[in-house]
Amino acid sequence: MAEGENEVRWDGLCSRDSTTRETALENIRQIIVRKTECLRLVKETPYRPADGLSNAVSLDGLNKLLAHLLMLSKRCPFKDVRERSEFILKSVQELGIRIPRPLGHGPSRFIPEKEILQVGSEDAQMHTLFADSFAALGRLDNITLVMVFHPQYLESFLKTQHYLLQMDGPLPLHYRHYIGIMAAARHQCSYLVNLHVNDFLHVGGDPKWLNGLENAPQKLQNLGELNKVLAHRPWLITKEHIEGLLKAEEHSWSLAELVHAVVLLTHYHSLASFTFGCGISPEIHCDGGHTFRPPSVSNYCICDITNGNHSVDEMQVNSAGNVSVSDSFFEVEALMEKMKQLQECRDEEEASQEEMASRFEIEKRESMFVFSSDDEEVTPARDVSRHFEDTSYGYKDFSRHGMHVPTFRVQDYCWEDHGYSLVNRLYPDVGQLIDEKFHIAYNLTYNTMAMHKDVDTSMLRRAIWNYIHCMFGIRYDDYDYGEINQLLDRSFKVYIKTVVCTPEKVTKRMYDSFWRQFKHSEKGPYEPPAATFFEYTALGEGSTGSSGDLPGSLPEPRFVREDSRRPQETSL
């Protein structure tokens, strides 16, 4: 842990017992009083060059504590902790020591803070969920506050993540967080990397590992290749990737460990897409989430102005020009009319299997040429790139680059018949949690589209889901891919493809350019289905590998998959 936080026990603040929290807060207050007193004495003592470094370290340690208190004053679900943390901060300020203030405008750069549930204004049911999350993580993070648009899904998500990171399992706790760091780093997601660096240290992880992947055990270094391909070009995974990990002599993985690792990798690859796709802001207590500088007169942050994330009206200017309310209203009406017409066509006639296969190939080819005008290479920062190798490796359109990958038909394998039993056998209870999560996602709809209610949105949600899979060469035999071009306009396709394939390139302009009359809860939270990546996770015969099973009595299916047919996790 960072110097200054080592001596502080924050765990007591997670207790549901108010007396325990009060005792913990008093201990924290006393530590901060001692530190502020030391700094006051330093200021009154004649300066000696030899003292410079130690004084700077002391101030840095105090600042980290104050930043953590700032987070608690804004984000703790317990009112007594929020109020007491604010009181301590004000007491420090009265001593002439500068205290931090939050940067940004809430949990998301894309969604106005006023539209996100404020901590302290939640109902009893949501308070219980917040308290559970805070007790498990020691924080109420911005991902939770944005995902709260969909409480039922959030509850399942938190339960699954808690099991993966903290409950009994094949991998030790510090390995789990380090794998989370590796996965998030592949998509250059410094938000997740920073969170799990802190968690890794909290559970006793070796700080030397954080200097770079080459400093981690060879066993984790060996996982780097699978992480790389799984994150960016999953269609290239073969059974040799898995075999190499299972047969690495003293650095080999057991099947149970590998299933746990793969679930963690795909979880954090997808969560990185959610983070970028919803514009998740840095946590208040982390770098970029607070500042010790006083607010400027204009209340603008120059970094917001330069990166295009400054506040403007909801009906703002996008890359296409001025957008009027009437234009965006017409877009909703036109979309609903297309859905109606497509349903009528379904009822009248059904395309042949040959025709649907042809339409899939056309859509797959066209998806390769969907890209943003902002599509520039993003160079990963050193604090992120140190956690993975081959920084130039990224997503490449397989059809566009002359690679031929056979189409994978999801009807050949399914989660219920193959994946569920395999995952549950090697990592008990995880299969059930994943199954529950996807069942909730499958039924997650409020039957709304912008200002319209009582709308059947299943057609639109399935088009989004199938479009994502189509970009990875995955086909549903029973789906007419001609519907995708009817329902998803180019700006939406650009956003989807960027979120799924190169999430680090998502911009607020992309987010604002589609579904302009839809509520933010309808546009997101947006978490690309982990199934897309699981489809290519070869724990048996790979998509380009030879036939035959790996050691360990693996079943016939070539892939461990999180789902085979459920629609996208956007709710409408």
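Scroll up to find the structure.
Residues numbered from 1 in each chain as written. Predicted model: local features only at pLDDT ≥ 70, side-chain atom pairs only at ≥ 80, totals over all residues. Heavy atoms only, no water.

Before going further, it helps to examine the overall build of the chain. For the chain, the helix and strand inventory stands at 23 helices and six strands. For the chain, the residues scored as buried account for 54% of the 572 residues in total. Within the chain, contacts between residues at least 6 apart in sequence are counted, and of these 77% link residues at least 24 apart. (Helix = DSSP H or I, 4+ residues; strand = E, 2+ residues; numbered from the N terminus. Buried < 20%, exposed > 50% of the residue type's maximum accessible area, 1.4 Å probe, protein only. Contact = heavy atoms within 4.5 Å.)

Going through the model one piece at a time under the given rule, you end up with 16 aromatic pairs. Ring centres 6.1 Å apart and planes at 90° place the aromatic pair Phe78 and Phe134 in the edge-to-face group. Of this pair, Phe78 sits in the loop between α2 (52-75) and α3 (79-94) while Phe134 is found in helix α4 (residues 124-137), placing the two residues 56 residues apart along the sequence. Of the two residues, Phe78 and Phe134, neither departs from the other in class, the shared state being buried. Each ring, one from Trp235 and one from Phe472, has its centre 6.1 Å from the other, and the planes form 55°; the classification is tilted. Separated by 237 residues along the polypeptide, Trp235 in the loop between α9 (218-232) and α10 (239-246) and Phe472 in the loop between α18 (458-470) and β6 (474-475) bring together distant segments of the chain. Of the residues examined, Trp235 reaches a relative accessible area of 0% and is grouped as buried. What makes Phe472 buried here is its relative accessible area of 1%. An aromatic cluster is built from Phe110, Phe492, Tyr495, Tyr511, Phe514, Trp515 and Phe518, whose rings are joined through pairwise contacts. (Phe/Tyr/Trp six-rings, centres within 6.5 Å; stacked < 30°, edge-to-face > 60°.)

Pairing between side chains becomes possible if they bear opposite charge and their charged atoms approach one another. By the definition in use, this model includes 18 salt bridges. The closest approach of N and O atoms between Arg16 and Asp132, which form a salt bridge, is 2.0 Å. You can see Arg16 sitting in the segment before α1 (18-44) and its partner Asp132 sitting in helix α4, a full 116 residues away along the chain. Residue Arg16 is classed as exposed on the basis of its relative accessible area, which comes to 52%. Three or more residues joined by partner-sharing salt bridges are found here, namely Glu26, Arg29 and Arg84. (Salt bridge = Lys/Arg side-chain N within 4 Å of Asp/Glu carboxyl O.)

Attention shifts here to the packing of helix α6 (residues 151-166) against helix α7 (residues 173-186). For the pair α6 and α7, interaxial distance at closest approach is 8 Å and the crossing angle is 120°. If you check the angle between α6 and α7, you find them oblique. Mapping the contact onto sequence places Tyr163, Leu164, Leu165 and Gln166 in α6 and Leu173, Arg176 and His177 in α7. Here the residues of the contact of α6 with α7 sort into four nonpolar, two polar and one charged. (Axes fitted to C-alpha atoms, helices over the stretch in contact; angles between N-to-C directions. Parallel < 35°, antiparallel > 145°, perpendicular 65-115°, else oblique. Nonpolar A, V, L, I, M, F, W, Y, C, P; charged D, E, K, R; others polar.)

On to the nonpolar core. Tyr178 and Leu223 are the most contacted members of the largest nonpolar core, which totals 122 residues. Broken down by element, this core gets its largest block of residues, 13 residues, from helix α11 (residues 255-277). When near neighbours in sequence (up to four residues on either side) are disregarded, Leu223 contacts Ile179, Met182, Leu245, Trp253, Leu258, Ala261 and Leu265. (Core = buried A, V, L, I, M, F, W, Y, C linked by side-chain atoms within 4.5 Å.)

Moving on, we get to the packing of helix α16 (residues 415-426) against helix α17 (residues 430-443). Here α16 crosses α17 at 140°, and the two axes come no closer than 7 Å. One finds that α16 runs oblique with respect to α17. Residue-level contacts link Trp415, Tyr420, Val423 and Asn424 of α16 to Val430, Gly431, Gln432, Ile434 and Asp435 of α17. Residue composition of the contact of α16 with α17, grouped by class: five nonpolar, three polar and one charged.

A few words on α18. Taking 1.5 Å per residue, 13 residues should reach 18 Å; α18 reaches 18 Å between its end C-alpha atoms and fits that length. All of the buried residues along α18 are Met459, Leu460, Arg461, Ala463, Ile464, Trp465, Asn466, Tyr467, Ile468, His469 and Cys470. (Expected span 1.5 Å × (residues − 1).)

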